[in-house]
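Okay, here's what each chain looks like letter by letter:
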Amino acid sequence: MDYPLTVNEDGVNIKPENMEREHLYHCLFKNKVILLFKDYQDFLNCYEIEEEDLVDQIKNSSSDSEVEKILQNYVDSKDIKN
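Criteria and cut-off values
What you see as residue numbers is a count from 1 along each chain, following the sequence as written. Local features in this predicted model are restricted to residues of pLDDT 70 or higher, and side-chain atom pairs are both shown and tallied only at a pLDDT of 80 or more, whereas totals for entire chains, interfaces and linings draw on every residue. The basis for every side-chain value is the complete set of heavy atoms in the structure, and neither hydrogens nor water enter the calculation. Centres within 6.5 Å make a pair out of two Phe, Tyr or Trp rings, where for Trp the six-membered ring is used; the pair is then stacked when the planes are under 30 degrees apart, edge-to-face when over 60, and tilted otherwise. The helix and strand labels rest on DSSP assignments: H or I over at least four residues marks a helix, E over at least two residues marks a strand, and numbering proceeds from the N terminus. Buried residues of nine kinds, namely Ala, Val, Leu, Ile, Met, Phe, Trp, Tyr and Cys, make up a nonpolar core once their side-chain atoms join them within 4.5 Å. Only protein chains enter the calculation, and the probe is 1.4 Å; a residue is then buried if its accessible area is under 20% of its type maximum, exposed if over 50%, and partly exposed in between. When checking whether two residues touch, look at their non-hydrogen atoms; a contact exists if any pair is within 4.5 Å. Pairing between strands is defined by DSSP: at least two bridges between them are needed. Only the contacting stretch of a helix is used when fitting its axis, a line to C-alpha atoms as for every element, and angles between N-to-C directions run 0 to 180 degrees. Contacts described as polar in this section are N or O atom pairs within 3.5 Å, which, within protein, must combine one atom able to donate a hydrogen with one able to accept it, while residues neighboring in sequence count only if both atoms come from side chains.

### Section: the packing of aromatic side chains
1) Next: Per the stated rule, a full pass over the model turns up two aromatic pairs.
2) Next: With centroids separated by 5.5 Å and ring planes inclined at 70°, the aromatic side chains of Tyr3 and Tyr25 adopt a geometry described as edge-to-face. Remark: Tyr25 occurs in strand 3 (residues 25-29) and Tyr3 occurs in the segment before strand 1 (5-8); sequence separation between them is 22 residues.
3) Next: An angle of 15° between the planes, with centres 6.5 Å apart, marks the rings of Phe37 and Tyr47 as stacked.

### Re the nonpolar core
1) Next: Core analysis: the largest hydrophobic core is formed by ten residues, namely Leu24, Val33, Leu35, Ile49, Leu54, Val55, Ile58, Val67, Ile70 and Leu71.
2) Next: For this core, the elements supplying multiple residues, two or more each, are strand 4 (32-38), helix 1 (52-59) and helix 2 (64-78).
3) Next: If near-sequence neighbours (up to four positions away) are discounted, Ile49 is found in contact with Asn31, Lys32, Val33, Leu35, Leu54, Val55 and Leu71.

### Concerning the sheet that holds strand 5 (residues 44-49)
1) Next: Pairing is antiparallel in the open sheet, where three strands are placed in the order 3-4-5. Edge positions in the open sheet fall to strand 3 and strand 5, since each of these has one partner strand only. Ignoring which end each strand starts from, the neighbouring axes of this sheet average 20° apart.
2) Next: Two strands pair when backbone bridges link them, and strand 4 and strand 5 are joined in this way by six bridges, in the antiparallel orientation. Following the sheet pairing, Leu36 is matched in strand 5 by Cys46.

### Looking at the side chain of Asn45
1) Next: Among the structural elements, Asn45 can be located in strand 5.
2) Next: Among the polar contacts listed, one links the side chain of Asn45 to the backbone oxygen of Phe43, at a separation of 3.2 Å.
3) Next: When neighbours within four sequence positions are excluded, Asn45 is seen to be in contact with Leu35, Leu36, Phe37 and Asp39.

### Focus: the side chain of Ser61
1) Next: As for its placement among the helices and strands, Ser61 is situated in the loop between helix 1 and helix 2.
2) Next: Of the polar contacts made by the side chain of Ser61, one reaches the backbone oxygen of Ile58; its length is 2.6 Å.
3) Next: Discounting chain neighbours no more than four positions away, the residues touching Ser61 are His26, Glu66, Val67 and Ile70.

This is the structure:
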């Protein structure tokens, strides 16, 4: 299956039909990280990260699982609650 996110100069193109539920997807667009996931009700959730250090770490990641670890470490280090 094709990755559901593609990026061009105009923005991010999303193919929700190619997304698995409860799976985190990411892409980079204009020095921002775009995070998306489709929840169990098929609602699309989108988040944008601009924090430079975090963006740089994600740029250098090699997999979705590594991105998830980076995000979890960030949440833990900042003691962010839901």
